[in-house]
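What follows is the residue order along each chain.
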Amino acid sequence: MTGQGHGWLTKRLLLLVALMFGFAFALVPLYNVFCQVTGINGKTGGPVAATLVEPEDKNRLITVQFVAYINEGLPWEFRPDVTEVKVHPGERKLVHFYAKNRASGDIVAQAVPSVAPGLGAKYFHKIECFCFHQQHLAPGQEVEMPLLFFLDTALPDDIQTLTLSYTLYNLSVRGSS
């Protein structure tokens, strides 16, 4: 192979690497759109206007369970104040989660929600949620964080229980805690 042949091969391989990087970079937004459209993976949407709340369906009572996880390496305490509530579709419900920074420095964290079963995620609507904002806590600081939600009255009859789980991730620069 001549020097010119190596140059052509090198350019082609660099183009392939650039395309692979671009594809990998685009996967996260594509995955998020796919989950939002299909309701798969229990991804929930953003805030919903309170005016969209429909009249309560008093004939149904749904159990909503709450679970909290802390991503590895985050020195926080994080838990729901209640682990389960009963709610009528269309009814607004307010619950709280507790968080405390046990580190010696400031930490910024973000909660990422997930609903199970995944098909129920499109019927779980948050009016206000701590997950919409980053949480900045000083050393030893503790906070009660609100979650105001309702279940859509179109929730399928075969879904009697929904589990809302939050995973808390450290957004602070490594080594600052």
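As a reminder, the structure under discussion sits directly above these lines.
Being a predicted model, the structure only gives us computed values, none of them experimental. (Residues numbered from 1 in each chain as written. Predicted model: local features only at pLDDT ≥ 70, side-chain atom pairs only at ≥ 80, totals over all residues. Heavy atoms only, no water.)

Okay, the packing of aromatic side chains next. For any pair of aromatic rings, the description rests on two quantities: the centre-to-centre distance and the angle between the ring planes. This structure, assessed with the given rule, holds 8 aromatic pairs. Their ring planes at 80° and their centres at 5.2 Å tell us that Phe 97 and Tyr 166 sit as a pair that is edge-to-face. Linking Phe 97 in strand β4 (residues 93–101) with Tyr 166 in strand β9 (residues 161–170), this pair joins segments that are 69 residues apart in sequence. Per residue, the accessibility class of Phe 97 equals that of Tyr 166, and both read buried. One aromatic cluster is present, formed by Phe 66, Phe 78, Phe 97, Phe 124, Phe 130, Phe 149 and Tyr 166 through successive ring pairs. (Phe/Tyr/Trp six-rings, centres within 6.5 Å; stacked < 30°, edge-to-face > 60°. Helix = DSSP H or I, 4+ residues; strand = E, 2+ residues; numbered from the N terminus. Buried < 20%, exposed > 50% of the residue type's maximum accessible area, 1.4 Å probe, protein only.)

In this section: the sheet that holds strand β5 (residues 107–116). Spatially, 5 strands are ordered β3-β1-β9-β5-β7 in an open sheet, and the strand pairing comes out mixed. The open sheet has two free edges, formed respectively by β3 (84–87) and β7 (135–137), since each of these has just one partner strand. Taken pair by pair, the neighbouring strands of this sheet meet at an average axis angle of 30°, ignoring direction. Note that strand β1 (residues 62–70) and β9 share 8 bridges and pair parallel. The residue bridging Phe 66 from the neighbouring strand is Leu 164, located in β9. (Pairing = 2+ DSSP bridges. Axes fitted to C-alpha atoms, helices over the stretch in contact; angles between N-to-C directions.)

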